[in-house]
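# Remarks on the overall topology
What follows is the residue order along each chain.
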Amino acid sequence: MEAAELRCTAAVEQPLPGGLAPRRRLMRNATVLLGRNELRQPVLRVAGGSGATAAVLSFVLAGDAVRLFTRFAGEGRAAVRVGPDGAQVLLSDCPPDALRRFLRLLRLKVAAGSRDAPRRPRLLERPPPSFSVISPVQERDLLGGPGRRRPGQERGECPAEVPRAERRPPARLSAEQEAVLGAVRSGKSIFFTGSAGEGSRPLSSAPRRKSWPLTCRFSLEGTGKSFLLKRILGSLPPNITYATASTGVAACHIGGTTLHAFAGIGSGKAPLEQCVQLAERPGVRQHWLACQHLIIDEISMVDGKFFDKLEAVARAVRKRDEPFGGIQLIICGDFLQLPPVCKANEETKFCFQAKSWRKCIHINMELTEVRRQTDKTFVSLLSAIRLGRCTEEVTRQLMQTAAHKSERDGILATRLCTHKDDVEITNERRLQQLPGEVHVFEALDSDPMLVKLIDAQCPVGGRVELKLGAQVMLAKNLDVSQGLVNGARGVVVGFESEQKGLPKVRFLCGVTQLIKMEKWVIKGPSGVHLSRQQLPLKLAWAISIHKSQGMSLDCVEISLSRVFESGQAYVALSRARSLAGLRVLDFDPKAVKADPAVLQFYRQLRRHQLLAQDSLHAHSEADEKENWKCN
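Thresholds, definitions, all that
- Residues numbered from 1 in each chain as written.
- Predicted model: local features only at pLDDT ≥ 70, side-chain atom pairs only at ≥ 80, totals over all residues.
- Heavy atoms only, no water.
- Helix = DSSP H or I, 4+ residues; strand = E, 2+ residues; numbered from the N terminus.
- Buried < 20%, exposed > 50% of the residue type's maximum accessible area, 1.4 Å probe, protein only.
- Pairing = 2+ DSSP bridges.
- Right-handed = clockwise from strand over helix to strand, strands pointing away.
- Core = buried A, V, L, I, M, F, W, Y, C linked by side-chain atoms within 4.5 Å.
- Contact = heavy atoms within 4.5 Å.
- 1 Å grid on protein atoms, 1.4 Å probe; cavity = no way out; pocket = protein on both sides within 12 Å on 5 of 7 lines; lining within 4 Å.
- Points joined across faces, edges and corners; volume = space filled by probe spheres on them.
- Nonpolar A, V, L, I, M, F, W, Y, C, P; charged D, E, K, R; others polar.
- Salt bridge = Lys/Arg side-chain N within 4 Å of Asp/Glu carboxyl O.
- Phe/Tyr/Trp six-rings, centres within 6.5 Å; stacked < 30°, edge-to-face > 60°.
- Lys NZ or Arg CZ within 6 Å of the ring centre and 35° of its normal.
- pLDDT = per-residue confidence, 0-100.
- Polar contact = N/O pair within 3.5 Å; in protein donor to acceptor, adjacent residues only side chain to side chain.
- Axes fitted to C-alpha atoms, helices over the stretch in contact; angles between N-to-C directions.

A word on the overall build of the chain. Within the chain one finds 16 helices and 30 strands. Across the 631 residues in the chain, those meeting the buried criterion constitute 50%.

Written out as structure tokens, the structure is:
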């Protein structure tokens, strides 16, 4: 029955005669229920308020009269027009996933009710009023025809027919992903990390338990981390949840902002009193006070001293003594990947080395199953590289890749570079060497005054230059089922003859696609939404290792001779989908290194996990003996 109930803010608007402004009733912390009345008709019930202001409003959902406005469902907002008189219920502050499930059930039940209506016998006497929560989705509910937009229908508005996409069951989380989501829902602050292929016992084989252990191990690297983060975001109320990341591009992937932009304290190197003053500025203070759930992605690049400063600022601004001012932290990343960026004379300090880390983080989960790479040999190789181990066998396998010919259909391997300057020089030179006309595509930005901020967070630039034969990669998921995903490699094979002259790209997955403008929405200062409309393409002769984080590349060429920090070689190598699609040039075993402090942290994490497992087994055996005595 979970999908039939929604807890959110509800505003009910009911039209008044004579053209007067509609009567509006606002209910915070409302309960919205989908049920049936005594005639088995679908009913929407809204209950809210307390004491003298308490109210319960019910609306019969009569087939064709019902309209759904779902354009902003991803932000936890929607509207339901409940009758022919124009009355509507406005829903806001909903966990987006719960809202989508509710709207899906509403569509299905109203469509099923409309089909059943002609067969319903007419009653001579009306039964006494009743209300029962509606049943879960049945197979017959999925038989409605696909929704079609009617003439004059607004964009974002749809009749209560079942769209074809909604007749398929939604994608499910794996058992380990459910475990992470369950930990988040429990309200504990959590850090989850992941390796590149070390196996572990799945959660389903562990004994049942009432509380979470300190440490568990499941799967992350290459396992759909972005998908899991989106599900976490979808399960939390958007008005009190803030998604951040250590870099702008990573923040853009999860629809959030950078951690520095959220915090509003600059680099955080100023004295605490000055940082608190910065955080108490109008707009910044509002976010600190409203935030109940703070997501931080790519935690490995966040400096530990900055984390400590944030924790102290949170307590000062929110005037609460709990760790991080009572904010639930949801932190993910891999400390064996790229470390914080520090000046040459500064010592690297990871977040787990921060003084406040232990008191802020209640649960650590190491996730180990791999999906990006399916080749067991490659997974084993990456596991060794991640831990800084470069055996003779690993060296032999990587040196053999220098002879790999991964080019196909005119699509060349992308070179991963350690330095940004190398990337820009390579791409510019290779584009100039191509014959033919340059096609220039300028971005349409929502605020030209904040171009630098948009550049920092958007994965594509404000100006994209292409030629026939240009090597490109997608910067956004367009059609996952066809392989048109972020990082998919292709080559420009033509341009349309119309005024826009959009490019046609042949991808390595075999699809040739006309690439149209796409829109990115990012969060700027004080929560302002900024947008960029641009081609989801970037030149792909070369890309920096930093910019490649989060991507899965079909064909990669790597030069590791200029690797200068721990984890860099691992990040570069793990971008490849397979060993066959990887070519390593001038390999030097010295390039493979892992930070000793991080290795020690993970050893301790695994030790806690083993202790937690032993404790669980002991409790399980004791429970079994107790049950045997009772029976």
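The next thing to look at is the pairing of strand S15 (residues 328-332). Of all five residues that make up S15, five are buried, and the element is covered over most of its length. Relative to S15, strand S10 (residues 190-194) runs parallel, the two being bridged by three bridges. When the sheet's bridge partners are listed, Phe192 is paired in S15 with Cys332. Handedness of the crossover joining strand S14 (residues 293-297) and S15 through helix H8 (residues 304-318): right-handed.

To continue, consider the nonpolar core. Judged by nonpolar contacts, the single largest core of 42 residues is most densely connected at Trp288, Phe324, Phe335 and Trp357. Looking at this core, the elements with two or more residues in it are helix H5 (259-263), helix H6 (272-279), helix H7 (284-290), S14, H8, S15, helix H9 (357-360) and helix H16 (596-630). Sorting elements by how many residues they give to this core places H8 first, with six residues. The residues touching Phe324, leaving out its near neighbours within four places in the chain, are Trp288, Leu294, Phe307, Leu310, Glu311, Ala314, Arg315, Arg318, Leu329 and Cys360. Ala55, Val80, Leu91 and Leu103 belong to the second largest nonpolar core, which has 33 residues in total.

Turning our attention to the layout of surface pockets. Looking at the second largest pocket, its volume works out to about 470 Å³. Among the elements of the structure, strand S1 (5-14), strand S2 (23-36), helix H1 (96-116), helix H2 (175-185) and helix H3 (225-234) are those that each provide at least two residues to the lining of the second largest pocket. Broken down by element, the lining of the second largest pocket gets its largest block of residues, five residues, from S1. Residue composition of the lining of the second largest pocket, grouped by class: eight nonpolar, five polar and nine charged.

The subject of this paragraph is the sheet that holds strand S25 (residues 518-523). The sheet built from three strands is open, its strands ordered S19-S26-S25 with antiparallel pairing. A single partner strand is all that each edge strand has here, and the edge strands are strand S19 (444-445) and S25. Alignment of S25 against strand S26 (residues 529-534), held across six bridges, turns out to be antiparallel. When the sheet's bridge partners are listed, Trp520 is paired in S26 with Arg532.

This part covers the pattern of salt bridges. Scanning all chains against the criterion turns up 21 salt bridges. Among the salt bridges present, the one from Lys319 reaches Glu280, with a minimum N-O distance of 4.0 Å. Placement of the pair is Lys319 in the loop between H8 and S15 and Glu280 in the loop between H6 and H7, with a sequence separation of 39 residues. Two residues, Asp308 and Lys349, come together in a salt bridge whose shortest N-O distance is 4.0 Å. With Asp308 in helix H8 and Lys349 in the loop between S15 and H9, this residue pair connects regions lying 41 residues apart in the sequence. One salt-bridge network, held together by shared partners, links Asp97, Arg100 and Arg231.

Aromatic ring pairs are reported here in terms of the distance separating the ring centres and the angle at which the planes meet. Enumeration over the complete set of coordinates arrives at 14 aromatic pairs. Seen in terms of ring centroids, Phe352 and Phe601 are 4.3 Å apart; in terms of plane orientation they differ by 15°. Their pairing is stacked. Separated by 249 residues along the polypeptide, Phe352 in the loop between S15 and H9 and Phe601 in helix H16 bring together distant segments of the chain. Here Phe601 falls in the buried class, since its relative accessible area comes to 11%. With a centroid separation of 5.6 Å and an interplanar angle of 70°, the aromatic rings of Phe601 and Tyr602 are classed as edge-to-face. Each member of the pair Phe601 and Tyr602 is classed as buried. Members of the aromatic cluster, each reached through a chain of ring pairs, are Phe191, Phe307, Phe324, Phe335, Phe350, Phe352, Trp357, Phe601 and Tyr602. The ring of Phe72 carries the charged tip of Arg77 above its face, separated from the ring centre by 4.8 Å. Directly above the ring of Trp520 sits Lys476, whose terminal nitrogen or CZ lies 4.9 Å from the centroid.

Next up on the list: helix H10 (residues 376-386). Most of H10 sits out of view: eight of its 11 residues are buried. If you check which residues of H10 are buried, you get Phe378, Val379, Leu381, Leu382, Ser383, Ala384, Ile385 and Arg386. A positive phi of about 80° marks Gly388, the residue just after H10.

Interpretation of this model should avoid reading the predicted coordinates in detail wherever pLDDT is low. Considering every residue of the chain, the mean pLDDT works out to 80; 80% of them sit at 70 or more. Overall, residues 144-155 carries pLDDT values under 50, and its contacts beyond four positions in sequence, including any with other chains, amount to 27 contacts. In the model, residues 627-631 has pLDDT below 50 throughout and makes zero contacts with residues more than four positions away in sequence or in other chains.

A separate point is unusual backbone geometry. Excluding glycine, residues mostly carry a negative phi; peptide bonds, for their part, are mostly trans. The residue Arg40 is not glycine, and still its phi comes out positive at about 65°. Mapped onto the secondary structure, Arg40 falls in the loop between S2 and strand S3 (42-48). Of the residues examined, Arg40 reaches a relative accessible area of 46% and is grouped as partly exposed. Phi angles above zero are rare outside glycine, and Asp586 is one such case at about 35°. Counting through the fold element by element, Asp586 comes out in the loop between strand S30 (582-585) and H16.

A word on the environment of His419. Along the chain, His419 falls in the loop between strand S17 (414-417) and helix H12 (420-433). Spatially, the C-alpha atom of His419 lies 9.1 Å from that of Ile543, the residues being 124 residues apart in sequence. Beyond its immediate chain neighbours, meaning those up to four positions away, His419 contacts Arg562 and Phe564.

Here Arg386 lies in helix H10. The buried category is assigned to Arg386, whose relative accessible area is 2%. Here the side chain of Arg386 touches Asp334 through a polar contact of 2.9 Å, side chain to side chain.

Turning next to the environment of Arg315. Inspection of the secondary structure puts Arg315 in helix H8. Expressed as a C-alpha distance, the spacing of Arg315 and Trp288, which sit 27 residues apart in the sequence, is 9.8 Å. Here Arg315 is in contact with Arg320, Asp321, Glu322, Phe324, Gly325 and Lys359, once residues within four sequence places are set aside.

One open sheet accounts for four strands, arranged S28-S17-S29-S30; its pairing is parallel. Of all the strands in the sheet, the pair left with one neighbour each is strand S28 (542-544) and S30. Direction aside, the axes of adjacent strands within the sheet are offset by 25° on average.

For the rest of this paragraph, the subject is the pairing of strand S29 (residues 556-559). Burial of the side chains of S29 extends over both faces: Val556 and Ile558 are buried on one face and Glu557 and Ser559 on the other. Sheet topology note: the S17/S29 ladder contains three bridges and is parallel. Its bridge partner being in S29, Arg415 is matched across the sheet by Glu557. Where S29 and S30 come together, four bridges link them in parallel fashion.

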